[in-house]
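# Chain and residue survey
One letter stands for each residue in the lines below.
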Amino acid sequence: MDREKNYGSDYMFIPATSVRSGVGVEIRPDLFCYTVQIVNLCLVGSPATGEFVIVDTGMPKSANDIIAVTEDRFGPKSRPKAILLTHGHFDHVGAVIELVNHWDVPVYAHPLELPFLTGRQSYPEPDPTVEGGMVAKMSPLFPIEPIDLTNHVHMLPSDGTVPHLPDFKWIHTPGHSPGHISLFREKDRVLLAGDAFVTVKQEYLYKVLTQEQEISGPPRYLTTDWQASKESVAILEALKPAVAVTGHGLPMSGELLAASLSKLVREFDQIAVPDYGKYVN
């Protein structure tokens, strides 16, 4: 008998919402960023063709909201070609099972992320002791048990191509999680960075709620490999993106993005790496 898709037993709604929740912004004619509570997802594809892919799936219990957004942009009963996951943390897979059930579409992720998406392995425990604010202190509430997408989740192609998005390539950007990926389109230098870096200090509740823009490393309370994270940020900065959509915070572009990313690479140990915490060497 086939396994049933399921979330972990710790799956639950997290009552944290920013001023940007429910707000969408068109970055390019074929790129729409939408905020679900405190996390962003992307709809990649042109409304003129009706063909699109979803990158990440928001917070727990957000499926109906996401379906409504996709139908508003692409039309009633619109259906993506696939779901792509930058990684499997709870705030990026929060609605994935409901969306798969609703649309019957495949999910793609990096092979190193598959244990967390097929019921085999939990993520390391969040670190509430890490340097940071109230969100870090709240992090023991966050779900870490693996979800199980059974045979609906597939490995991304090893050659860096992205299913149904021929202009994009995926880049392995570990640190925040073992199989974290980012997506890059060379022709207009669009970067979908996931949580490799973010544009808000995600550990601090006030900044999360107000979405005060400030480039930062990955969220500290769930990042376990700071050396890998540092190397990943350097890889992304070398691409010289024109615009970056990150998992948390407002999109950033132009000279502000270039200067901020350059500074983050130069001063990563001071800006991103916490002074203390159980995952800090």
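The present account deals with the structure reproduced in this document. (Residues numbered from 1 in each chain as written. Predicted model: local features only at pLDDT ≥ 70, side-chain atom pairs only at ≥ 80, totals over all residues. Heavy atoms only, no water.)

A few words now on the packing of aromatic side chains. Here the structure, examined in full by the defined rule, presents 6 aromatic pairs. Members of the aromatic cluster, joined through ring pairs, are F90, F142 and Y221. Its end group placed over the ring of F74, R73 keeps NZ or CZ at 5.9 Å from the ring centre. (Phe/Tyr/Trp six-rings, centres within 6.5 Å; stacked < 30°, edge-to-face > 60°. Lys NZ or Arg CZ within 6 Å of the ring centre and 35° of its normal.)

Turning next to the sheet that holds strand β10 (residues 190-194). Whether parallel or antiparallel, the strands of a sheet pair through hydrogen bonds between backbone atoms. The mixed open sheet is built from 5 strands, whose spatial order is β8-β9-β10-β11-β12. Edge strands, defined here as strands with exactly one partner in the open sheet, are β8 (168-172) and β12 (252-253). Pairing of strand β9 (residues 181-185) with β10, which is carried by 3 bridges, proceeds in the antiparallel orientation. Bridged to F184 within β10 is L191. (Pairing = 2+ DSSP bridges. Helix = DSSP H or I, 4+ residues; strand = E, 2+ residues; numbered from the N terminus.)

Another aspect to go through is the state of the cysteines. Under the definition given, this model contains 0 disulfides. In this structure C33 is not part of a disulfide, and its nearest cysteine sulfur, from C42, lies 4.8 Å away. Look at C42 and you get buried, because its relative accessible area is 5%. (Disulfide = S-S within 2.5 Å. Buried < 20%, exposed > 50% of the residue type's maximum accessible area, 1.4 Å probe, protein only.)

Turning to the sheet that holds strand β1 (residues 24-28), a few remarks are in order. Ordered by their spatial adjacency, 7 strands build an open sheet running β1-β2-β3-β4-β5-β6-β7, and the pairing between neighbours is mixed. Across the chains shown, the open sheet's two edge strands, defined by having one partner strand only, are β1 and β7 (153-155). Within the sheet, the average angular offset between the axes of one strand and its neighbour, ignoring direction, is 25°. Sheet topology note: the strand β6 (residues 107-109)/β7 ladder contains 3 bridges and is parallel. Bridge assignment links A109 to a residue of β7, and that residue is M155. On top of the sheet, helix α1 (residues 63-74) reaches β1, β2 (31-36), β3 (39-44) and β4 (53-55); it is set at about 155° to β2, its chief contact. Sitting on the sheet, helix α2 (residues 96-103) is in contact with β4, β5 (82-84) and β6, with an inclination near 165° to β5. (Axes fitted to C-alpha atoms, helices over the stretch in contact; angles between N-to-C directions. Contact = heavy atoms within 4.5 Å.)

Here the focus is unusual backbone geometry. The backbone phi angle of D56 is positive, close to 75°, even though this residue is not glycine. Structurally, D56 is set in the loop between β4 and α1.

Another aspect to go through is the pairing of β3. Consecutive residues of a regular strand have side chains that alternate between opposite faces of the sheet. Across the 6 residues that make up β3, a large majority, 6, are buried. In this sheet, β3 lies alongside β2 in antiparallel orientation, the contact comprising 6 bridges. Its bridge partner being in β3, V36 is matched across the sheet by V39. Here β2 folds back onto β3 in antiparallel fashion, the turn holding 2 residues, of which Q37 has a positive phi close to 60°.

Relative to the elements of secondary structure, T150 occurs in the loop between α4 (134-138) and β7. Here T150 is in contact with R3, E4, K5 and T118, once residues within four sequence places are set aside.

So, on to the side chain of S177. The topology assignment puts S177 in the loop between β8 and β9. A distance of 3.0 Å separates the side chain of S177 from the side chain of E113, its partner in a polar contact. Setting aside anything within four residues of it in sequence, one finds S177 in contact with H87, H89, E113 and Y123. (Polar contact = N/O pair within 3.5 Å; in protein donor to acceptor, adjacent residues only side chain to side chain.)

On their own, these measurements won't tell you what the molecule is for.
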